Amino acid sequence: MTTFNLMTNLGGVPTASQLTADRYQAYIKDNANYLGLYFPDHFSLNSDNPSKGFWMDGIPHSVDPRAFKLYYLPEDSEADNYSTWSESNYKVRNGKNVRGLINPNSATDTIAFVKPAMCWNGVANGYGGPKYSKNMIMNTSQFVDEYLQSETYNRVGTSVKFSHTEEPPATVEMDYIDGYTSKAGKFTYTYPVTSKTLYGKALNDKPTKIITQKKESIILFPW
């Protein structure tokens with residue numbers, strides 16, 4: 001989930017300009033403020049993760065261009081970096097490619113489904129208790145100029161442009177879909193509280209940009 005929050009919207013490069021093959025188009029979201037499907041009864045809310053409770057049912061409107069070089073999407077067997085080993089293990093462990101969410105008031109009734117295929121996702125950590133018993137579930141140089149000039153905030157309130165140090169607002173109104181009723185709604189998305197972060201000084205100053213954009217790559221790919 002940390003990678004999801006850091007890379008979503010970071011750089012402001014539209015996903016549609018990165019993933020141009022026909023197989024992706026139906027999954028790419030055209031709304032940069034879309035949070036996903038909201039399942040508060042099946043995903044833990046006991047977390048300070050700002051994306052808690054949401055399942056991204058597809059690919060965000062904008063993702064850091066490095067993401068699709070580092071990771072492949074579930075079931076994207078035509079991706080250059082796809083692992084057939086992972087596919088065989090995924091099928092063995094999970095069986096069906098559609099996962100059901102059981103009614104919290106019932107032991108058997110399935111009230112919603114999530115489809116992992118072509119979804120850029122993460123699930124927030126945090127104690128879920130009884131909820132989880134109901135939950136069945138690098139070459140990017142062509143984007144460098146657009147990426148480096150981006151003032152778009154990722155899910156944790158950081159932008160790429162080094163001279164853009166304006167802090168994000170405390171909250172922003174975003175769109176979502178109720179995972180149980182399929183009704184669209186508005187959600188007040190809360191960025192992390194600066195004083196509660198490990199760094200504790202800012203979300204979008206220059207040291208934060210270095211940590212977000214450099215340390216992430218070093219940790220994941222130290223070579």
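Residues numbered from 1 in each chain as written. Predicted model: local features only at pLDDT ≥ 70, side-chain atom pairs only at ≥ 80, totals over all residues. Heavy atoms only, no water.

(A) Quick peek at the overall build of the chain. From N to C terminus, the chain includes seven helices and six strands. Overall, the chain shows an N-to-C arrangement of helices and strands of α-α-α-β-β-α-α-β-β-α-β-β-α. Considering the chain as a whole, with its 223 residues, one finds that 43% of them fall into the buried category. (Helix = DSSP H or I, 4+ residues; strand = E, 2+ residues; numbered from the N terminus. Buried < 20%, exposed > 50% of the residue type's maximum accessible area, 1.4 Å probe, protein only.)

(B) View of the sheet that holds strand S6 (residues 184–190). Reading across the sheet, the four strands line up as S2-S1-S5-S6 and stay open at both edges, with mixed pairing between neighbours. Strands with a single pairing partner mark the edges of an open sheet, and in this sheet they are strand S2 (54–55) and S6. (Pairing = 2+ DSSP bridges.)

(C) Just the packing of aromatic side chains, in detail. For the structure on display, the rule yields 13 aromatic pairs. Measuring from centroid to centroid gives 6.2 Å for Tyr 71 and Trp 120, while their planes differ by 50°, and the two rings are tilted. In this pair, Tyr 71 sits in the loop between helix H4 (67–70) and helix H5 (84–94) while Trp 120 sits in the loop between strand S4 (110–114) and helix H6 (144–148), placing the two residues 49 residues apart along the sequence. Relative accessible area serves as the criterion here: at 27%, Tyr 71 is assigned to the partly exposed category. We classify Trp 120 as buried; its relative accessible area is 8%. What links up through ring pairs into an aromatic cluster is the set Tyr 38, Phe 54, Tyr 176 and Phe 187. (Phe/Tyr/Trp six-rings, centres within 6.5 Å; stacked < 30°, edge-to-face > 60°.)

(D) Summary view of the nonpolar core. Among the nonpolar cores identified, the biggest contains 25 residues, and Leu 19, Tyr 24, Phe 39, Trp 55, Ile 59, Leu 73 and Trp 120 are the most heavily contacted of them. For this core, the elements supplying multiple residues, two or more each, are helix H1 (2–7), strand S1 (34–38), H4 and S4. A per-element tally of this core places H4 first, with three residues. Each residue touching Leu 73, except ones within four places of it in the same chain, is listed here: Leu 19, Tyr 24, Ile 59, Phe 68, Met 118, Cys 119 and Trp 120. Tyr 38, Phe 54, Tyr 191 and Leu 203 belong to the second largest nonpolar core, which has nine residues in total. (Core = buried A, V, L, I, M, F, W, Y, C linked by side-chain atoms within 4.5 Å. Contact = heavy atoms within 4.5 Å.)

(E) Summary view of the pairing of S6. By the bridge criterion, seven bridges tie strand S5 (residues 171–178) to S6 in an arrangement that is antiparallel. Each bridged residue has a counterpart across the sheet, and for Val 172 the counterpart in S6 is Tyr 189. Between S5 and S6, which pair antiparallel one after the other, the connecting turn spans five residues, and Ser 182 there sits at a positive phi close to 70°.

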